[in-house]
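One letter stands for each residue in the lines below.
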Amino acid sequence: TNPCLQPAGTDFESEIPGEAATAIGNHAMPELTTEKSVLLTDLALCVNHYRLSTPGIYVCLHVPVVLDATTRIVPGLIAMVNHGRLKQCEPVENGFEGPPNLVLDVFEPDEVAEYEARRSAFERFGVTEYVAVDTSDSPQLNWNRHNGQSFEEAAPDRNGLMKSQALPGLWI
């Protein structure tokens, strides 16, 4: 079963083992504003282009990620390496277990608290890269790269490109 394909109306909460499970963010697929949807789609197309050229990569939108028995998040986009030394999480029936290699979320400028909560959780559980993009008139990438202990803000190279370490060859 492809964990990226979720049937309409799936009750994700019932899929999580243990009734005490909590989440950061939404349990179900959140309704996006048009602005968020457009920006997430543009970025997803970039990441999916990379996936099409790179065997063994999953790229999914709005799929649950279970980080431990009490932490479950539904990010905008996840990308995971499905083999070899870079593999970090496992595809399961309705999402993924463990930290994905790359997570991307889109936020309104006034959603700083939600961004910080998600960033903290992804940092704590070892997501390699967490990219947050705001929907302001000039969208900014907040590219967080895990150094083995915590996130550091990654900077573009001299040509203005962000080069992923989680997904070698992905440049945005």
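Residues numbered from 1 in each chain as written. Predicted model: local features only at pLDDT ≥ 70, side-chain atom pairs only at ≥ 80, totals over all residues. Heavy atoms only, no water.

A. Expanded view of the overall build of the chain. The number of helices and strands found in the chain is 2 helices and 11 strands. Ordered by position from the N terminus, the helices and strands of the chain form the series β-α-β-β-β-β-β-β-β-α-β-β-β. A buried classification covers 43% of the 172 residues belonging to the chain. Pairs at least 24 apart in sequence give 57% of the contacts found in the chain among residues at least 6 apart. (Helix = DSSP H or I, 4+ residues; strand = E, 2+ residues; numbered from the N terminus. Buried < 20%, exposed > 50% of the residue type's maximum accessible area, 1.4 Å probe, protein only. Contact = heavy atoms within 4.5 Å.)

B. Expanded view of the environment of Val63. Mapped onto the elements, Val63 comes out in the loop between strand E2 (57-61) and strand E3 (65-68). Along the sequence, Val63 and Gly76 sit 13 residues apart, while their C-alpha atoms lie 7.8 Å from each other.

C. Looking closely at the packing of aromatic side chains. The tally for this structure, following the rule as stated, stands at 4 aromatic pairs. Between the aromatic rings of Phe107 and Tyr115, the centroid separation amounts to 5.8 Å while the plane-to-plane angle is 70°, which identifies the pairing as edge-to-face. The residues Phe107 and Tyr115 share a single accessibility class, namely buried. Seen in terms of ring centroids, Tyr115 and Tyr130 are 6.1 Å apart; in terms of plane orientation they differ by 15°. Their pairing is stacked. Taken together, the residues span a long stretch of sequence, with Tyr115 in helix H2 (residues 112-125) and Tyr130 in strand E9 (residues 129-134) at a distance of 15 residues. A residue is classified by how much of its surface remains accessible, and Tyr115, at 14% relative accessible area, is buried. An aromatic cluster of three or more residues is present, and its members are Phe107, Tyr115, Phe122 and Tyr130. (Phe/Tyr/Trp six-rings, centres within 6.5 Å; stacked < 30°, edge-to-face > 60°.)

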